[in-house]
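Coordinates in review
Next come the chains, spelled out residue by residue.
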Amino acid sequence: MNFKELNFHPNLMEGIESINYKNATPRQEQVIPHILEGKDVIACAQTGTVKTAAFLLPIIHKIISSPHDESNINALIIVPTRELAIQISQNLEGLSYFTSVSSIAVYGGGDGHSFTIEKKALSSGAELIIATPGRLISHLKKGYVKLKALKYLILDEADRMLDMGFQDDILKIINHLPTQRQTLLFSATMPGKIRELARKILQNPVEVNVAISKPAGKIVQR
């Protein structure tokens, strides 16, 4: 399927074409239409695939195509590590280059200056936030994070976050979010604890088996 067939916003299509994306992969074809329709999705998606674009593209399209309050956070992507936060942020920057979507990656390990920059974005309302759970909790405790108008929540590598002990933090974050929202959960495996989490936070989700649970072909393990 050519991306033009998905009728993405023209400004988003400029970003897609600028990085030489032409056709959606079979995995993206499975997921993107459900997200565009506003459905909650639980997807089994292996690490290292093009699944990031599978949720970034429709979310960017929905943000720029729908009326929204730019002074509030519209979409939140929660990830287990700073490395993944940076990677998604870089992908987002390329795809959204010709749009007006504002975004920031929020993760630990920086200095006080980076925390101040994050605070400014979270309090003034960056439209899309990519965050690690612990760092976002640190900001939430200070009371200035604008999440009341949030429309989209994405949990990426959810099984890894639970393995790292972030389940309580994830539930704390979700308690700050509106109940009326679209939630997407991506996980490389689907153990019982992931399905239990999905039951708690998703509403009538579509389940998509994006890929079998094994390392992507281009990843070398050593």
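We now turn to the structure provided with this report. All of these numbers come straight from a predicted model, not from anything done at the bench.

Here's the deal with the overall build of the protein
A tally of helices and strands in the protein yields nine helices and seven strands. Scaling as 2.2 N^0.38, a compact globule of 222 residues should have a C-alpha radius of gyration of about 17 Å, and the protein matches this with 16 Å. Along the longest, intermediate and shortest principal axes, the C-alpha atoms of the protein span 45 × 40 × 40 Å. In the protein, which comprises 222 residues, the share counted as buried stands at 51%. Restricting to contacts in the protein with at least 6 residues of sequence separation, those with at least 24 account for 80%. For the protein, the accessible surface area stands at approximately 10,600 Å², while carbon and sulfur atoms represent 49% of it. Side chains of the protein give 25 positive and 21 negative charges; the mean places of these two sets differ by 4 Å.

Things to note about the packing of helix 5 (residues 112-124) against helix 6 (residues 133-140)
Running from amino to carboxyl end, helix 5 crosses helix 6 at an angle of 70°, the nearest separation of the two axes being 11 Å. Our classification of the angle between helix 5 and helix 6 gives roughly perpendicular. The handedness of the crossing between helix 5 and helix 6 is right-handed. Residues Ser-114, Phe-115, Glu-118, Lys-119 and Leu-122 of helix 5 lie in contact with helix 6, whose contacting residues are Arg-135, Ser-138 and His-139.

A closer look at the pattern of salt bridges
Taken as a whole, this structure holds seven salt bridges when the rule is applied. Linking Arg-160 and Glu-157 is a salt bridge whose minimum nitrogen-to-oxygen distance equals 3.3 Å. Between Lys-200 and Glu-196 there is a salt bridge, with its nearest N and O atoms 3.8 Å apart. Taken as a pair, Lys-200 and Glu-196 lie in helix 9 (residues 192-201) at a separation of four residues, close to a single helical turn. Judged by its relative accessible area of 49%, Lys-200 falls in the partly exposed class.

Re helix 2 (residues 26-36)
Listing the buried residues of helix 2 in full gives Gln-28, Val-31, Ile-32 and Ile-35. Seen from one end, helix 2 has its buried residues packed into an arc of 105°, which puts them on one side. Where helix 2 is buried, its residues touch strand 1 (41-44), helix 3 (51-65), strand 6 (182-187) and strand 7 (206-209). Backbone geometry just after helix 2 places Gly-38 at a positive phi near 90°.

Some words on the pairing of strand 3 (residues 103-106)
One face of the sheet, then the other: side chains in a regular strand alternate in exactly this way. The sheet contact formed by strand 3 and strand 4 (residues 128-131) spans four bridges and is parallel. Paired with Val-106 across the two strands is Ala-131, which belongs to strand 4. With helix 5 bridging strand 3 and its parallel neighbour strand 4, the resulting β-α-β unit is right-handed.

Comments concerning the pairing of strand 5 (residues 152-155)
Taking every second residue as pointing to the same face, both faces of strand 5 are buried, with Tyr-152 and Ile-154 on one and Leu-153 and Leu-155 on the other. Relative to strand 5, strand 2 (residues 75-78) runs parallel, the two sharing four bridges. Paired with Ile-77 across the bridge in strand 5 is Ile-154. Where strand 5 lies against strand 6, four bridges are found, and the strand directions are parallel. Of the residues in strand 6, the one forming a bridge with Ile-154 is Leu-184.

How each quantity is defined
- Residues numbered from 1 in each chain as written.
- Predicted model: local features only at pLDDT ≥ 70, side-chain atom pairs only at ≥ 80, totals over all residues.
- Heavy atoms only, no water.
- Helix = DSSP H or I, 4+ residues; strand = E, 2+ residues; numbered from the N terminus.
- Rg over C-alpha atoms; globule rule 2.2 N^0.38 Å.
- Buried < 20%, exposed > 50% of the residue type's maximum accessible area, 1.4 Å probe, protein only.
- Contact = heavy atoms within 4.5 Å.
- Areas by Shrake-Rupley, 256 points an atom, 1.4 Å probe, with all protein chains shown as cover.
- Lys, Arg positive; Asp, Glu negative; His and termini not counted.
- Charge placed at Lys NZ, Arg CZ, Asp CG, Glu CD.
- Axes fitted to C-alpha atoms, helices over the stretch in contact; angles between N-to-C directions.
- Parallel < 35°, antiparallel > 145°, perpendicular 65-115°, else oblique.
- Left-handed = near helix turned anticlockwise from the far one by under 90°.
- Salt bridge = Lys/Arg side-chain N within 4 Å of Asp/Glu carboxyl O.
- Arc of directions from axis to C-beta.
- Pairing = 2+ DSSP bridges.
- Right-handed = clockwise from strand over helix to strand, strands pointing away.

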